[in-house]
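Chains, contacts and geometry: an overview
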Amino acid sequence: MIDHATRAKRFNADEKKVNWHDETLWFVRHKRDLSSKGIPEWEQLRELAAAIKANVLSHLDEYLLEFEKNAIANGIQVHWAKNAEEHNQIVHQIIQKVKGKKVVKSKSMLTEECHLNEYLEERQIEVIDTDLGERIIQLSKEAPSHIVMPAIHMKKEEVGDLFHEKLGTPAGLYDPQLLTAAAREQLRFRFLQADVALTGVNFAIAETGGFVVCTNEGNADMGVHLAPVHIACMGIEKLIPKVEHLGVFLRLLARSATGQPITAYSSHFRTPRPGCEMHIVLVDNGRTELLGRPDFRKSLNCIRCGACMNTCPIYRRSGGHSYDYTIPGPIGSILSPNIDMRKHSSLPFASTLCGSCSDVCPVKIDIHTQLYKWRQIIAKEGHLPASKRWSMRMAGWLMAHPTLFRLSGKVGRRILSILPRQLVYGRWNEWGKAREMPPPPAQSFHDWYLNNRNNGKK
Ligand code: SF4
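Described below are features of the structure shown in this document. (Residues numbered from 1 in each chain as written. Predicted model: local features only at pLDDT ≥ 70, side-chain atom pairs only at ≥ 80, totals over all residues. Heavy atoms only, no water.)

A short note on the sheet that holds strand 7 (residues 229-235)
By definition, the strands of a sheet pair up through backbone hydrogen bonds, in either a parallel or an antiparallel sense. The following threshold applies: Two strands qualify as a pair provided that DSSP identifies no fewer than 2 bridges between them. Segments assigned H or I by DSSP are reported as helices when at least four residues long, segments assigned E as strands when at least two residues long, and all are numbered from the N terminus. Here, axes are lines fitted to C-alpha atoms. For helices the fit covers the stretch in contact, and angles between N-to-C directions go from 0 to 180 degrees. Should any heavy atoms of two residues lie within 4.5 Å, those residues are considered in contact.
Spatially, 1-10-7-4-2-3 is the arrangement adopted by the six strands of the open sheet, whose pairing is parallel. Of all strands in the sheet, those with a lone pairing partner are strand 1 (77-81) and strand 3 (126-129), marking the two edges. In this sheet, adjacent strand axes meet at a mean angle of 20 degrees when their direction is disregarded. Bridge analysis of strand 7 against strand 10 (residues 277-283) gives seven bridges, and the strand direction is parallel. Among the inter-strand pairings, histidine 230 is bridged to a residue of strand 10, identified as methionine 278. Contacting strand 1, strand 2 (102-105), strand 4 (196-199), strand 7 and strand 10, helix 5 (residues 84-97) crosses the sheet at an angle of about 150 degrees to strand 1. Taken strand by strand, helix 10 (residues 176-193) contacts strand 2 and strand 3, and its axis lies near 130 degrees from that of strand 3.

Written out as structure tokens, the structure reads:
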């Protein structure tokens, strides 16, 4: 099992790219700051959003049933999936029923979470991602590295080379506008040929049984308006009680994600077009388990804006793929242990716990507190690497014996001052690879304090 630090090391091998990645995301964070400060009621909106979500989570069963009832009354076919496997089977069955062979998909983190593309492709169904970033990573056969900007880890030159290889654009064409035009031209046929259009759901409204999909490219709308069948896949936490709550979330989402005042397309879906089908798949996949963990249930507030990633110093300098989970960054690090604690045990440690993620989160998730709580659970469950487990145990034991602790400090300071540098900063010293220790002081703070607490009088 490869941990986060090892995967981050691979990303860090290209220092120039790491700096570029860091600066690009910081630029987005800065845009978010300007945009959020542009509305005086920002903090009130955050409070309101968190309160609405708290209400939804405490009455989730009722809101889900209300949503289902209203959606069915609108002519939408509602399906329930307890996990990723069931979700994929349901989507496949719908496609089979209409004898579909070609699917166009707009960005949906839930379908990424369920690995739907692979599932359908194995069953000879062509799935084309139509969001530009998603299309890029689909062509490069990679996973998204960010939830809002899935191909943010790729520079325009890399995209140009990829398009040259896969789409036949001229070699050396790196102009983003021309590359976008090439992708658009190629996608147009796919839209026209699609049997089924798949979308995610940003917000589902219990009181109306309708739902909203937000995109900046209009690709979701293009897909669902051309294909005769629309399948919308949503996690069960995406509910809001009433239409009047929508404005709160739409304002927070766009500003937090990209610094825009509003997403270019906030499309409302409520009923199928005449002669067409509309399906909605409600997916649990570990969400009710999270709901049952009081310390972590607030993570279900997430509206997937990506702001916590853009601000996180670890994410910006380690890249989304180092998390090895569909949702990377701080929020991914608290969601993933709920799915597989052993596999993702290193993620809650991929944080400085600086709290910047919690500060920017539009729905006020206490992300850094949850990261800290996961660390305690992971340690208790025995998922720490042996080296960390033993070193922490030894340190704990030493600190519980003050005389020994002071003696080891004295010996350590002495040894460090006489050991040759090559030995202290040898290959074994991971910590010392990027840092320099100050020269060891002549005395410990404890000794200094004893000598000085009475102005030098003992
Ligand atoms: S945890 Fe908060 S900041 Fe991070 S993606 Fe979710 S809503 Fe956005």
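Comments concerning the pairing of strand 7
Short version of the rule: Buried residues are those whose accessible area, probed at 1.4 Å on protein chains only, stays under 20% of the maximum for their type, while exposed residues exceed 50% and partly exposed ones sit between those limits.
With respect to burial, strand 7 is a largely interior element, seven of its seven residues being buried. For strand 4 and strand 7, the ladder comprises four bridges, and the chain directions are parallel. Following the sheet pairing, leucine 198 is matched in strand 7 by isoleucine 231.

Things to note about the sheet that holds strand 6 (residues 210-215)
Pairing is mixed across the open sheet formed by four strands, whose spatial order is 8-5-6-9. Whereas interior strands pair on both sides, the edge strands pair on one side only; in this sheet they are strand 8 (239-240) and strand 9 (265-269). The pairing of strand 5 (residues 203-205) with strand 8 spans two bridges and is classified as parallel. Across the sheet, alanine 204 pairs through a bridge with leucine 239, a residue of strand 8.

A closer look at the site of the ligand
Spelled out, the test is: It suffices for a single heavy atom of a residue to lie within 4 Å of a molecule or strand for the residue to be listed as near it. Three categories are distinguished: nonpolar for Ala, Val, Leu, Ile, Met, Phe, Trp, Tyr, Cys and Pro, charged for Asp, Glu, Lys and Arg, and polar for the others, with Gly belonging to the last.
Lining the immediate surroundings of the ligand are 14 residues, of which Cys302, Cys305, Gly306, Cys308 and Cys361 lie closest. Classifying every residue of the shell around the ligand gives 12 nonpolar, one polar and one charged.

Focus: the packing of aromatic side chains
Operational definition: Classification of ring pairs rests on two measures: the distance between centres of Phe, Tyr or Trp rings, Trp counted by its six-membered ring, which must be within 6.5 Å, and the angle between planes, read as stacked under 30 degrees, edge-to-face over 60 and tilted in between. A positively charged side chain is recorded as over a ring if its NZ (Lys) or CZ (Arg) lies within 6 Å of the ring centre. The angle to the ring normal must also be within 35 degrees.
The final tally for this structure, using the stated rule, is six aromatic pairs. Among the aromatic residues, those joined into a cluster by ring pairs are Phe445, Trp448 and Tyr449. The side chain of lysine 53 reaches across the aromatic face of phenylalanine 249, ending 5.8 Å from its centre. When the ring centre of tyrosine 119 is taken as reference, the NZ or CZ atom of arginine 123 above it lies at 3.6 Å.

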